[in-house]
Every structure is written in structure tokens, then in C-alpha cells.
Amino acid sequence: MENLCSGLIKQIQAHKLSALSAITYFKSEMQLTVELLAWLKAQEMYPQFYLNYRDEPITIASLGKVRLFSDEKMAQQFVQQQDLPLVGGLTFSKQAKFWLPRLLLENIDNILHVTIYFDNEQDFVTEQHACLQAAKTLEKFTALQSVKQVVHKIGQKANTEVWTNWIEQGLAEIKQGHLSKVVLANQTEFLSNQPIDAKDFLAESEQQNTGCYHFLLAEQAECAFVGSTPERLYTRQGQHMQTEALAGTATITDNPQYNQQQTDWLLNDRKNDHENRLVVQGICENLQPYVNHIAVCDVEVKQLRQVQHLRRCIQAELKNNVADGVCLQTIHPSAAVSGLPQQSAVQFLQKTENFDRSWYAGTLGIMRKLQAEFCVAIRSAFIEQQGEQSKIRIFAGAGIVAGSVPLLEWQEIERKASSLLSLLTIE
Ligand SMILES: C=C(O[C@H]1C=CC=C(C(=O)O)[C@@H]1O)C(=O)O
Ligand SMILES: [Mg+2]
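Residues numbered from 1 in each chain as written. Chains lettered and ligands numbered in written order. Predicted model: local features only at pLDDT ≥ 70, side-chain atom pairs only at ≥ 80, totals over all residues. Heavy atoms only, no water.

- Per an unreviewed UniProt entry, the protein goes by Isochorismate synthase MenF and derives from Lonepinella koalarum.
- Note on the protein: under the UniProt heading Catalytic activity (unreviewed entry), the record states "chorismate = isochorismate".
- According to the UniProt record, the Cofactor (unreviewed entry) comment for the protein reads "Mg(2+)". (UniProt positions renumbered as here; feature names shortened; annotations may be inferred.)

Put into C-alpha cells, the structure is as follows:
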């Protein structure tokens, strides 16, 4: 690590102002396994971003920002023109936030790649100082600790009665033909007896919630958005994109026999199949104008720690000029988190749910010229520091279609929320 750090410092010090490119980068790599969450835990530079991929041995973490984009099309243009990566995403209500980090760490197959970005269009001395500071962060790690904090519930946006009422409203819209699906969610708040470190919490979740993407976004020290999601928004290699419909849920317990019964039931249940097919339909219809070819794979079951889901993978060949700006706009928010028709469903949610979803059910990921990876930020929570305590707001939602039973959907969101909640001790 020391070599890596001093190598980067030498590169930064040797850098002369360049009029040739807007951004200069300094790169170094080493065969090394590092705990990126332990590195992030030691840092005081923001924003912090972290993404551990679901299907590949890739984890990325970043600190700071050099350039910021609040429009995904501008972000895409920058990526294509500069051939540089941007991290970030879109909130549920499609507010884009993408940035070129000051420092990007990528763990790919146990090789650590470090890149520091220098903005040639900013004050030279200030940039040089910021880059040197960034290099020095590689010297600092803080050991991760297990989360033992006790929490107690302080509130929820919907209790079972309110929830039932929301669902009945949704079902009425479905019956009248205004909607075919709407994904309602709840927010539950807890307070801890001692501060909970978001990185410790996410590290614990990584251990327990396997088969997921693990993500963290902290724009400042006091608040972090974290989660472990089973759902991909899309991945893109050149013009080849893979997306998926993940919707339809059954229970998982520690009884393999019962789990198998649940799997069989899930695969044959009409309501869950319908829930899933509507996501496929929404994605395919929206993507149609932008693809040369699109194919839907057979249904499969994705098993997690508390729940199992129906999944249909979708492969598409994007038209030549189509890139991430369009992909993000057309797929997000999919009918797995919003509903169908998309706009009417989102309007219904805005007037029904009594809280702001913010990053919950938004999308987070990384955009590059030739590659992109975005997850759907469900099974997520905000962790806010309040003196010696932490407040945790956990979100969970469920797809409502004709035939949904309010209390069963309540049980479903409780199970989904427990993927994160079970990491803590509830008083
Ligand atoms: C909206 C959520 O889950 C979605 C993803 C998988 C299964 C779902 C379901 O069966 O309802 C939801 O569509 C959430 O976990 O908050
Ligand atoms: Mg469901």
C-alpha cells in the first residue's frame, strides 16, 4: 500500500498544467486484497460511494468529487467524450446525480486499481493539494466492527391499517383499469442506543445477505444510504445490455423442505407470475424503440436469506447511438418498484405514500464509455447520526396487482425489511 501511495504522490508532483485535456488521471495498481469498507470508514472526504457487484468479483469505492452532473444525458456525454467513469445514479423520482470522484478504488479479481483525477480547468495549486490529500487516504484504514447495537422502533409511515387502506386504494385503481400494478412501500424508523457506523453495518450485510449488490452513498458524514439489493437495473458491455424483471415473492426459512414447497408454489402462483410479467412487459415496451433485438429468458427463482423471488432475465442489443442516458431514462423506475403504466403509478404513489422515497428504489451504479452497471436501490436504509444515537429508516415495498391481499403484502414487506433489520438487535 505504501508503494502504491508514494507512486501516486510522485505522479501528482510531476504533473504540469496541461491544456490538452480537461482531466488528467494518475493510476496505480497492485495485487492486493483490501477491505474497501474499512478504508472508507477511515475517511473524512465526501461524497463517499461504494458498490460491491452481485455477479462479478468487483468492488468499487470512491471519495470526493471533481465534476458533478445533475442530468444523466450530460453525464453520458462527458463519459463518452472524456472516456472517464462517473459514479452515482437517479433517485426514485429520477433526479440524477453523477460525479467524477477525486479518488476511485476498484478491486477486480483481487487486484486493486487506484485512480486519482486532476481537473486541469480548476486552480492548479488547489487541485494538486486535493490530489495529494486523496493519495494519502490510502494510508488510513479503520477496522470494521460487528454491529451489536440495540435499536427500538420509533415510528412507521404506515401501520397495518394505513397499509391496508393504501392497498385498497391501489386495488380500486386497478379495478377501474387506471393501473395494472402499483408498488407501494413503507418506511419504518428505529433509534439505536449507540452510534451505528454505516460501513460496519454494510459489512455485516455483505456477510449475511449474499447474492446481492451492496451499496453505500454518503454525501456527508452524518448520513449514509446503504443497502443490499438482489436487483439489477442493467449492465451494459458496449451495445449489449442485460436487464431483468425481479418481482414476485415467497418466503425462505431455515427449513429446506418448506423452502422447496415455497419455490414450487411461487413458480405456479398466478398472482406472482402476473406481478413478474408486468415488469417484463414494462421494460420491453419502453426499450423497444432503442433496441435492434430483445429476448426474455425463462423464469427462474432467485433465493435470498429471507425471501425468494421470480426472475426473468432480459438480453438486448442496443441501437448504435443508444447509451446510458437513454437506458436509465427508459428502464428506471421499472414496474418492479413503481408499477404499470409507469407515469400513472408514480403519480398514485406520490399522492398516496406519505414520505419521500429519495434514493430508496432509485438506481446506483457506475457509467463508463464501454461498460455500465446499475442496481436498483431496494432493501435499503438511511443511517443518520444524532449525537450518541443513530436513526435508521428502513424501506420495503411490494407489488400490488389484482388479487393482492393487504395482510399478505404486509407480511411480504416485513420480511423484505428484515434482510437489514435482522442485522441489529431489536428491543
Ligand atoms: C419493492 C421491493 O421489492 C421488489 C422487488 C422484488 C419483489 C417485489 C415483490 O414481489 O413485490 C418487488 O417488486 C422492495 O424490496 O422494496
Ligand atoms: Mg410481491
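## Digging into the UniProt feature "binding site: Mg(2+)" (unreviewed entry) in the protein
Thinking step 1. Those places that UniProt annotates as "binding site: Mg(2+)" (unreviewed entry) correspond, in this numbering, to Glu275 and Glu412. Considering the C-alpha atoms alone, the annotated residues occupy 138 residues of sequence yet fold into one spot, their largest mutual distance being 13.7 Å. For the largest cavity, the lining residues drawn from the annotated set are Glu275 and Glu412.
Thinking step 2. Within the secondary structure, Glu275 is located in helix α8 (residues 270-287).
Thinking step 3. We classify Glu275 as buried; its relative accessible area is 2%.
Thinking step 4. Not counting chain neighbours up to four residues away, the residues in contact with Glu275 comprise Lys181, Ala247, Gly248, Gly399, Val401 and Glu412.
Thinking step 5. Inspection of the secondary structure assignment puts Glu412 in helix α11 (residues 406-421).
Thinking step 6. Ignoring sequence-local partners within four residues, the contact set of Glu412 consists of Thr249, Glu275 and Ala398. (1 Å grid on protein atoms, 1.4 Å probe; cavity = no way out; pocket = protein on both sides within 12 Å on 5 of 7 lines; lining within 4 Å. Helix = DSSP H or I, 4+ residues; strand = E, 2+ residues; numbered from the N terminus. Buried < 20%, exposed > 50% of the residue type's maximum accessible area, 1.4 Å probe, protein only. Contact = heavy atoms within 4.5 Å.)

## What about the coordination of the magnesium ion (ligand 2)?
Thinking step 1. Surrounding the magnesium ion (ligand 2) are the protein donor atoms Glu275 (OE) and Glu412 (OE), at 2.2 to 2.3 Å. You can see Glu275 sitting in helix α8 and its partner Glu412 sitting in helix α11, a full 137 residues away along the chain.
Thinking step 2. Judged by its relative accessible area of 10%, Glu412 falls in the buried class. (Donors = N, O, S within 2.8 Å, 3.2 Å for Na, K, Ca; no water.)

## A short note on the pattern of salt bridges
Thinking step 1. Enumeration according to the criterion identifies 21 salt bridges in this entry.
Thinking step 2. Taken together, the shared-partner salt bridges connect Arg54, Asp55, Arg232, Glu244, Glu300, Arg311 and Glu373 into one network. (Salt bridge = Lys/Arg side-chain N within 4 Å of Asp/Glu carboxyl O.)

## A look at the pairing of strand β5 (residues 86-90)
Thinking step 1. The buried count for β5 comes to five of five residues, which makes it a mostly enclosed element.
Thinking step 2. Alternating residues of β5 divide into Leu86, Gly88 and Leu90 and Val87 and Gly89, and every residue in both groups is buried.
Thinking step 3. Bridge count between β5 and strand β19 (residues 363-367): five bridges; the pairing is antiparallel. By the bridge assignment, Val87 is partnered in β19 with Ile366. (Pairing = 2+ DSSP bridges.)

## Side note on empty space enclosed by the protein
Thinking step 1. One pass over the full model with this rule turns up four cavities of 30 Å³ or more.
Thinking step 2. Considering only enclosed or pocket space, the largest cavity measures out at about 160 Å³ in volume.
Thinking step 3. Taken together, 21 residues make up the lining of the largest cavity; nearest its centre are Ala336, Ile378, Arg379, Gly397 and Lys416.
Thinking step 4. With five residues, strand β22 (residues 389-400) is the single largest residue contributor to the lining of the largest cavity.
Thinking step 5. Tallied by class, the residues present in the lining of the largest cavity amount to ten nonpolar, five polar and six charged.
Thinking step 6. Reported here for the second largest cavity is a volume of approximately 80 Å³.
Thinking step 7. If you go around the second largest cavity, you meet 13 residues; those closest to its centre are Asn209, Cys212, Leu304, Arg379 and Ser419.
Thinking step 8. The greatest single-element share of the lining of the second largest cavity, amounting to three residues, is contributed by α11. (Points joined across faces, edges and corners; volume = space filled by probe spheres on them. Nonpolar A, V, L, I, M, F, W, Y, C, P; charged D, E, K, R; others polar.)

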